[in-house]
Amino acid sequence: GIRSGSQAMIGEYQKTVGRLMKNVTPEEMEEAEHIAREWNDTQPPPEVQAKAAEKKGQQFTREYAEHMWKQCSTQVVVMVAWKDQNGKVMAGMHDFNDDLGPGMAFPDWEGIEDKWSRYALDVFRAGEVGNGEDADDEGEDADPRPRMKVKKGKKKTQVTLPALDNGIPQLPTILDLHVLEKQDILRAFVTCHYHRNFQFAPPATNTSQIGLTCGKAKASMPWTSIAEDPQDYIKDKYLPNGVGLKEPSKLSGTQVTQILEFWRGRQQTNPKDVFMFRRWKDGEGVFQKLV
């Protein structure tokens, strides 16, 4: 397979786009260009905006939060409000601070939730009245409050993996586990190896030595950096072909299963070399050798 993000993948992507573009008729191309110009000059139709807000809003705000943290060391909380595809006012908050560096999630959302909800309702209802619509025509039993969707940062589930006598973590059977449980196991396994590196002495000695990868038991995992350049951290032999490593919640269920099954296979065939980081990144963003 082709590794995600590799030059080979980029080249294949360009070829695929080229093949698809050859099948586009001049009429279809002209229509697409017209729509693109219209949307750039004004904005997409409300139904397209609603769909984008629902499916892409969290992604956009996370990218913004990650950029602000990386470039400015800034904690960001984003409050959002929009209308869904059924015209219902939605409101919520995105908070990724406990996923970025040593930050913590904003703890007092409940204290401002009601104020933000009323603000969202006032804004969108004012727009309805301004467009000549009857903002009160929702029926006596209608609940006027915005529907809340809170994407608060939450600490990931802590998983304790079984281990050998020398402390080496072992992956359990994952056959009957749900995706979220598999993600938790993958996260715990990788984090354990980032904090501690398990290095073995020659087989003849029948002993093992447990060293440290970064030497900090509570060091934050550089998931974003690992996803961007996994080979900076991990040798190819420790990952299945065509599957990159990133924060488990960003992997599909199939990808999580592929990685875990790959490591479980190495656990059987090469138990002394299942997984290992080649180096780690300090708080200044500089790569360091294993401790």
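What this report covers is the structure whose coordinates are included nearby.

Calculation notes
- Residues numbered from 1 in each chain as written.
- Predicted model: local features only at pLDDT ≥ 70, side-chain atom pairs only at ≥ 80, totals over all residues.
- Heavy atoms only, no water.
- Patch = residues over 30% accessible without salt bridge, like charges linked within 9 Å, V, L, I, M, F, W, Y side chains within 5 Å.
- Areas by Shrake-Rupley, 256 points an atom, 1.4 Å probe, with all protein chains shown as cover.
- Salt bridge = Lys/Arg side-chain N within 4 Å of Asp/Glu carboxyl O.
- Helix = DSSP H or I, 4+ residues; strand = E, 2+ residues; numbered from the N terminus.
- Buried < 20%, exposed > 50% of the residue type's maximum accessible area, 1.4 Å probe, protein only.
- Expected span 1.5 Å × (residues − 1).
- Pairing = 2+ DSSP bridges.
- Core = buried A, V, L, I, M, F, W, Y, C linked by side-chain atoms within 4.5 Å.
- Contact = heavy atoms within 4.5 Å.
- Arc of directions from axis to C-beta.
- Phe/Tyr/Trp six-rings, centres within 6.5 Å; stacked < 30°, edge-to-face > 60°.
- Lys, Arg positive; Asp, Glu negative; His and termini not counted.

Attention now moves to a nonpolar patch on the surface. Taken together, the side chains of Tyr 13, Val 17, Met 21 and Val 24 present a nonpolar region at the surface, about 340 Å² in accessible area. Inspection of the secondary structure puts Tyr 13 in helix 1 (residues 7-22). We classify Tyr 13 as exposed; its relative accessible area is 54%.

Under the 1.5 Å per step criterion, the end-to-end length of helix 5 (residues 179-195) is 24 Å for 17 residues, consistent within 8% with the ideal 24 Å. Among the 17 residues that make up helix 5, 13 are buried, leaving the element largely enclosed by the rest of the structure.

Only one face of strand 1 (residues 77-83) is buried: it carries Val 78, Val 80 and Trp 82, and the other face, with Val 77, Met 79, Ala 81 and Lys 83, is open. As defined by bridge partners, strand 1 adjoins strand 2 (residues 89-95) across 7 bridges and the pair is classed as antiparallel. Note that in strand 2 the partner of Val 80 across the bridge is Gly 92. Where strand 1 folds back on strand 2, the antiparallel hairpin that results is connected by 5 residues, among which Gly 87 adopts a positive phi of roughly 85°.

Quick look at the pattern of salt bridges now. Per the counting criterion, the structure on display carries 6 salt bridges. Across the pair Arg 62 and Glu 66 runs a salt bridge whose closest N-O atoms are separated by 2.9 Å. Placement of both Arg 62 and Glu 66 in helix 3 (residues 46-72) is noted, with a separation of 4 residues, approximately one turn of the helix. Taken as a pair, Arg 62 and Glu 66 share a single burial class, namely buried. In this structure, Glu 247 and Arg 187 form a salt bridge, with 2.7 Å as the shortest nitrogen-oxygen distance. Placement of the pair is Glu 247 in the loop between helix 6 (223-228) and helix 7 (253-269) and Arg 187 in helix 5, with a sequence separation of 60 residues. Accessibility expressed as a relative area gives 9% for Glu 247, which makes it buried. Take Arg 187: its relative accessible area is 9%, and that puts it in the buried class.

This part is about the nonpolar core. Counting residues in each nonpolar core, the largest one holds 27 residues, and the members touching the most others are Leu 186, Ile 234, Leu 245, Trp 263, Phe 275 and Phe 277. Elements with a contribution of two residues or more to this core: helix 5, helix 6 and helix 7. Of all the elements, helix 5 adds the most residues to this core, at 6 residues. Here Leu 245 is in contact with Leu 186, Val 190, Trp 223, Ile 226, Ala 227, Ile 234, Leu 239, Ile 259, Trp 263 and Phe 275, once residues within four sequence places are set aside. Core analysis: the second largest hydrophobic core is formed by 9 residues, Ala 65, Met 68, Phe 96 and Leu 100 among them.

Moving on, we get to helix 7. For helix 7, built from 17 residues, the straight-helix expectation of 24 Å at 1.5 Å per residue is met to within 8% by its first-to-last C-alpha distance of 24 Å. Of all the positions in helix 7, only Val 256, Ile 259, Leu 260, Trp 263, Arg 266 and Gln 267 are classed as buried. The buried residues of helix 7 occupy an angular sector of 120° when projected down its axis, which confines them to one face. Helix 7 presents Thr 254, Gln 268 and Thr 269 as exposed residues on the side facing more than 90 degrees away from its buried surface. Of the surrounding secondary structure, the elements contacted by the buried residues of helix 7 are helix 5.

Take the packing of aromatic side chains next. On inspection of all chains with the given rule, the structure shows 8 aromatic pairs. Measuring from centroid to centroid gives 5.1 Å for Phe 189 and Trp 263, while their planes differ by 35°, and the two rings are tilted. Taken together, the residues Phe 189 in helix 5 and Trp 263 in helix 7 connect sequence positions 74 residues apart. Neither Phe 189 nor Trp 263 differs from the other in exposure class; each is buried. With centroids separated by 5.1 Å and ring planes inclined at 70°, the aromatic side chains of Tyr 233 and Phe 287 adopt a geometry described as edge-to-face. Linking Tyr 233 in the loop between helix 6 and helix 7 with Phe 287 in strand 7 (residues 287-288), this pair joins segments that are 54 residues apart in sequence. Exposure remark for Tyr 233: the relative accessible area of 0% places this residue in the buried category. Its relative accessible area of 25% is what places Phe 287 among the partly exposed residues. Ring pairs connect the aromatic residues Phe 189, Tyr 194, Tyr 238, Trp 263, Phe 275 and Phe 277, which therefore count as one cluster.

What follows concerns the side chain of Lys 182. Along the chain, the position of Lys 182 falls in helix 5. Despite being buried, Lys 182 has no salt bridge partner; Glu 261 is the closest side chain of opposite charge, sitting 6.6 Å away. Sequence-distant contacts of Lys 182, defined by excluding residues within four places in its chain, comprise Ile 174, Leu 177, Val 256, Thr 257 and Leu 260.

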